[in-house]
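# Structural overview for review
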Amino acid sequence: MIEKRDFYINGQWVAPAAAKDLNVIDPSTEEVCAVISLGDQADTDAAVAAAKAAFADWGFSKKEDRLALIEKLLAVYQKRSDDLAEAMSIEMGAPIDLARTSQVGSGTFHIQNFITAFKDFEFDKMLGAHAPNDRLLYEPIGVCALITPWNWPMNQVSLKVVAAMAAGCTMVLKPSEIAPLSSIVWSEIVDEVGFPDGVYNMVNGDGMGVGTQLSTHPDVDMVSFTGSTRAGIAISKAAADTLKRVSLELGGKGANIVFDDADEKAVKRGVMHMMQNTGQSCNAPSRMLVQRGVYEQAIEAASEAAEKVQVGPASQSGRHIGPVVSELQWNKIQDLIQVGIDEGARLIAGGTGRPDGLNKGYFVKPTIFADVNNQMTIAREEIFGPVMAMIPFDTEEEAVEIANDTVYGLTNYVQTQDGARANRVARQMRAGMVEMNGTSRAAGSPFGGYKQSGNGREGGVLGIEDFLEVKAVSGWSND
């Protein structure tokens with residue numbers, strides 16, 4: 001049994017102000033794997049006070065000093081990669097090989113990209129040639145509350161923490177209480193690097209407790225949150241009374257448009273992308289829109305691809321998918337699969353219940369529905385599990401209309417060999433990101449969405465800018 005009750009506040013591991021134990025459940029076994037403590041107001045206040053005190057120096061520290069610490073952070077992160085992978089595999093059910101590659105690797109990727117972006121970042125710029133004595137000064141916003149989810153722990157922690165550090169902000173991290181173990185390892189990494197006391201603080205807690213306390217705290221200048229749209233709305237309302245900046249990365253219902261000239265691997269690629277991380281990604285291509293002429297062929301290819309997806313415990317090596325994160329999520333997904341059946345969608349793979357041979361653990365069958373229309377529940381709600389809906393379309397205009405007919409706008413996908421059409425469709429889709437023909441976005445590309453998928457951008461230059469204020473100064477002396 002892992003016992004990790006302490007919080008990281010002002011450069012020290014400290015006991016919680018009050019005993020509030022919480023069990024962490026291994027989703028592969030449904031058994032308790034660890035015990036943490038939930039913070040209360042006193043813990044939140046102590047962490048925020050430490051961050052506020054540290055900002056006086058850190059906010060005006062030299063760029064090269066911050067860069068050196070972030071470069072050391074990357075080195076220590078890589079040294080602790082096995083510990084991070086094991087923590088994520090246990091806490092949220094990522095198969096161990098996926099945890100070592102994609103889950104840990106996402107953090108490495110983002111830290112490296114921030115180092116690259118930070119080296120060339122200018123915190124002091126001339127307004128323009130027309131105004132040589134006007135300056136734009138980019139300055140850290142102050143104390144930041146960073147609230148991260150359970151599905152890609154190090155991806156989100158690195159995107160928020162490292163960007164805030166580079167900007168010169170101080171911070172309090174509240175990781176998901178469902179998957180807190182990797183963030184405890186992350187905090188050990190930060191401690192080993194030797195950041196000044198109070199720059200980085202970590203308090204475990206739930207949304208109603210520490211999350212709300214941070215969102216309403218008068219000494220917190222910004223909240224950066226990743227999670228559900230419902231929680232993002234609640235945080236925005238909680239933060240409104242103090243008019244703090246709120247940056248949100250929320251849900252998605254990605255449309256993957258497969259035109260009749262798509263390459264032969266497009267459908268399989270879409271299914272495998274959907275199933276990655278057991279479908280627990282906000283940018284998952286959960287709606288596959290297929291042009292009518294190749295629709296039946298695509299159904300056959302999608303069914304075959306789904307049937308080949310293996311499901312198994314997170315502790316086993318291999319390319320299988322693991323469980324979903326919790327009993328609550330499992331029940332929600334089962335209910336939505338049944339709703340899809342009841343609303344008349346055609347089940348072509350998977351269905352309700354656990355996969356054969358797995359009678360314990362939060363395992364879900366890789367599930368695909370065909371003959372879905374965009375008004376069905378499974379086409380409207382973010383399921384956050386290995387469930388994909390296939391929707392036929394006839395024309396390019398119809399495909400764009402269906403893709404945009406959602407409250408979300410995070411990531412959409414286009415599959416066509418017609419470059420002009422791909423570009424045209426990408427421009428028309430109301431989403432923060434569009435990926436075409438299986439090409440991933442490049443290093444430093446900003447991550448974020450439109451509409452109820454949130455606001456702000458994470459990663460690269462724009463990710464650093466999210467944590468900065470802009471000060472306009474006239475009469476600047478160039479002597």
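Look up: the structure comes first, before these words.
In this report, we go over the structure that sits alongside the text. (Residues numbered from 1 in each chain as written. Predicted model: local features only at pLDDT ≥ 70, side-chain atom pairs only at ≥ 80, totals over all residues. Heavy atoms only, no water.)

To continue, consider the overall build of the protein chain. What the protein chain contains, in helices and strands, is 15 helices and 21 strands. For 479 residues, the compact-globule formula gives about 23 Å, and the C-alpha radius of gyration of the protein chain, at 23 Å, lands near that figure. Principal-axis analysis of the C-alpha atoms places the extent of the protein chain at approximately 70 × 60 × 40 Å. Counting only residues that meet the buried cut, the protein chain has 58% of its 479 residues in that class. For the protein chain, contacts bridging at least 24 residues in sequence account for 73% of all contacts bridging at least 6. Looking at the protein chain as shown, the accessible area adds up to about 19100 Å², and 49% of this sits on carbon and sulfur atoms. (Helix = DSSP H or I, 4+ residues; strand = E, 2+ residues; numbered from the N terminus. Rg over C-alpha atoms; globule rule 2.2 N^0.38 Å. Buried < 20%, exposed > 50% of the residue type's maximum accessible area, 1.4 Å probe, protein only. Contact = heavy atoms within 4.5 Å. Areas by Shrake-Rupley, 256 points an atom, 1.4 Å probe, with all protein chains shown as cover.)

Overall, the coordinates contain 10 aromatic pairs when judged by the stated rule. Centre to centre, the rings of Phe 118 and Phe 123 are 6.1 Å apart; their planes meet at 90°, and the pair counts as edge-to-face. Here Phe 118 matches Phe 123 in class, with each residue buried. Here the aromatic cluster, defined as three or more aromatic residues joined through ring pairs, consists of Phe 118, Phe 121, Phe 123 and Tyr 138. Positioned above the aromatic ring of Phe 118, the side-chain terminus of Lys 63 is 5.6 Å from the ring centre. Arg 66 extends its terminal NZ or CZ atom over the ring of Phe 123, reaching a point 5.5 Å from the ring centre. (Phe/Tyr/Trp six-rings, centres within 6.5 Å; stacked < 30°, edge-to-face > 60°. Lys NZ or Arg CZ within 6 Å of the ring centre and 35° of its normal.)

Right, let's get into empty space enclosed by the protein. The tally for this structure, following the rule as stated, stands at four cavities of 30 Å³ or more. Roughly 70 Å³ of volume is contained in the largest cavity. Every residue lining the largest cavity is counted, 13 residues in all, and those nearest its centre are Met 274, Ala 284, Ser 286, Glu 382 and Phe 384. By volume, the second largest cavity is sized at about 50 Å³. Along the walls of the second largest cavity sit 14 residues, with Thr 406, Tyr 408, Gly 409, Leu 410 and Asn 412 positioned nearest its centre. Mapped by element, the contributors of at least two residues to the lining of the second largest cavity are α13 (396–404) and β18 (411–415). In terms of residue class, the lining of the second largest cavity is made up of three nonpolar, seven polar and four charged. (1 Å grid on protein atoms, 1.4 Å probe; cavity = no way out; pocket = protein on both sides within 12 Å on 5 of 7 lines; lining within 4 Å. Points joined across faces, edges and corners; volume = space filled by probe spheres on them. Nonpolar A, V, L, I, M, F, W, Y, C, P; charged D, E, K, R; others polar.)

Quick look at the pairing of strand β11 (residues 222–226) now. In terms of burial, β11 is largely enclosed, as five of its five residues are buried. In this structure, strand β8 (residues 143–147) lies alongside β11, joined through four bridges in parallel fashion. For Leu 146, the partnering residue across the bridge sits in β11 and is Ser 224. By the bridge criterion, five bridges tie β11 to strand β12 (residues 245–249) in an arrangement that is parallel. By the bridge assignment for β12, Met 222 is matched with Arg 245. Traced from β11 through helix α8 (residues 229–240) to β12, the parallel crossover comes out right-handed. (Pairing = 2+ DSSP bridges. Right-handed = clockwise from strand over helix to strand, strands pointing away.)

So, on to the pattern of salt bridges. Counted under the stated rule, the structure contains 24 salt bridges. A salt bridge links Arg 100 to Asp 97; the nearest nitrogen and oxygen atoms lie 3.6 Å apart. Highlighted residues: Arg 100 and Asp 97, both in helix α4 (residues 96–119), separated by three residues, approximately one helical turn. A cluster of three or more residues bridged by salt bridges with shared partners is formed by Lys 4, Arg 80, Asp 83 and Glu 188. (Salt bridge = Lys/Arg side-chain N within 4 Å of Asp/Glu carboxyl O.)

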